Amino acid sequence: MGMKGQVSNELLIVVGFILLLFIPLMSVMYLKLGDANADLSVLQAHFSAARVAYLINAIGYMGEGSSIITEVYVPNNVKRVSIEGHEVVFTAGLPSGDSDVVQPTDFRISDGRTITSPGRYRLEITNLGDMVGVEVASSSAVMP
């Protein structure tokens, strides 16, 4: 008669051990997920910066009067996008501090443009003869 609750106690002990192992594992996974999201944002910023710099160079080499309209994605943790001089710079705010993704261009960019919020932006890139102009035609910025 004294063995009636033994299965329940053993089951509670097994479930307790599983939770004891599972909770720290989940907290480590949660912390790693934040790092993975930061890495993904930097990668997206790198691809966007490389694309804009590539298109500036392509339009620059095509000659005066050529232009293109493209859409560029600015990830959530990017604080600022600067398109000026001979550079396209995405500044990402990471837990370890700010990180710049810089892509150089062969052509000087007239009247630099700055984007300060994440979202999708339509850029118009035009060859102006001795330099390349970049205008923000429209945006679907995401509010932070």
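The structure this text deals with has already been given above.
Residues numbered from 1 in each chain as written. Predicted model: local features only at pLDDT ≥ 70, side-chain atom pairs only at ≥ 80, totals over all residues. Heavy atoms only, no water.

1. Here we look at the nonpolar core
Phase 1: Counting 24 residues, the largest nonpolar core has Ile56, Ile83, Val88 and Phe90 as the members making the most contacts within it.
Phase 2: For this core, the secondary structure elements donating two or more residues are helix H1 (6-62), strand E1 (67-74), strand E2 (78-94), strand E3 (97-115), strand E4 (119-127) and strand E5 (132-141).
Phase 3: Ranked by the residues each element gives to this core, the list is headed by H1, at 7 residues.
Phase 4: Excluding residues that lie within four positions of it along the chain, Ile83 makes contacts with Val52, Ile56, Val88, Ile109, Gly112, Arg113, Leu123 and Val134. (Core = buried A, V, L, I, M, F, W, Y, C linked by side-chain atoms within 4.5 Å. Buried < 20%, exposed > 50% of the residue type's maximum accessible area, 1.4 Å probe, protein only. Helix = DSSP H or I, 4+ residues; strand = E, 2+ residues; numbered from the N terminus. Contact = heavy atoms within 4.5 Å.)

2. Focus: the pattern of salt bridges
Phase 1: Inspection of the entire model under this criterion finds 4 salt bridges.
Phase 2: For Arg120, the salt bridge goes to Glu71, with nearest N and O atoms at 3.9 Å. With Arg120 in strand E4 and Glu71 in strand E1, this pair connects stretches of sequence that are 49 residues apart.
Phase 3: Since its relative accessible area comes to 42%, Arg120 is described here as partly exposed.
Phase 4: The salt bridge partner of Glu71 is Arg122, with a shortest N-O separation of 3.8 Å. (Salt bridge = Lys/Arg side-chain N within 4 Å of Asp/Glu carboxyl O.)

3. Regarding a nonpolar patch on the surface
Phase 1: On the surface, Leu11, Val14, Val15, Ile18, Leu19, Phe22, Ile23, Leu25, Met26 and Met29 cluster together into a nonpolar patch covering about 950 Å² of accessible area.
Phase 2: Note on placement: Met26 falls in helix H1.
Phase 3: Here Met26 falls in the partly exposed class, since its relative accessible area comes to 43%. (Patch = residues over 30% accessible without salt bridge, like charges linked within 9 Å, V, L, I, M, F, W, Y side chains within 5 Å. Areas by Shrake-Rupley, 256 points an atom, 1.4 Å probe, with all protein chains shown as cover.)

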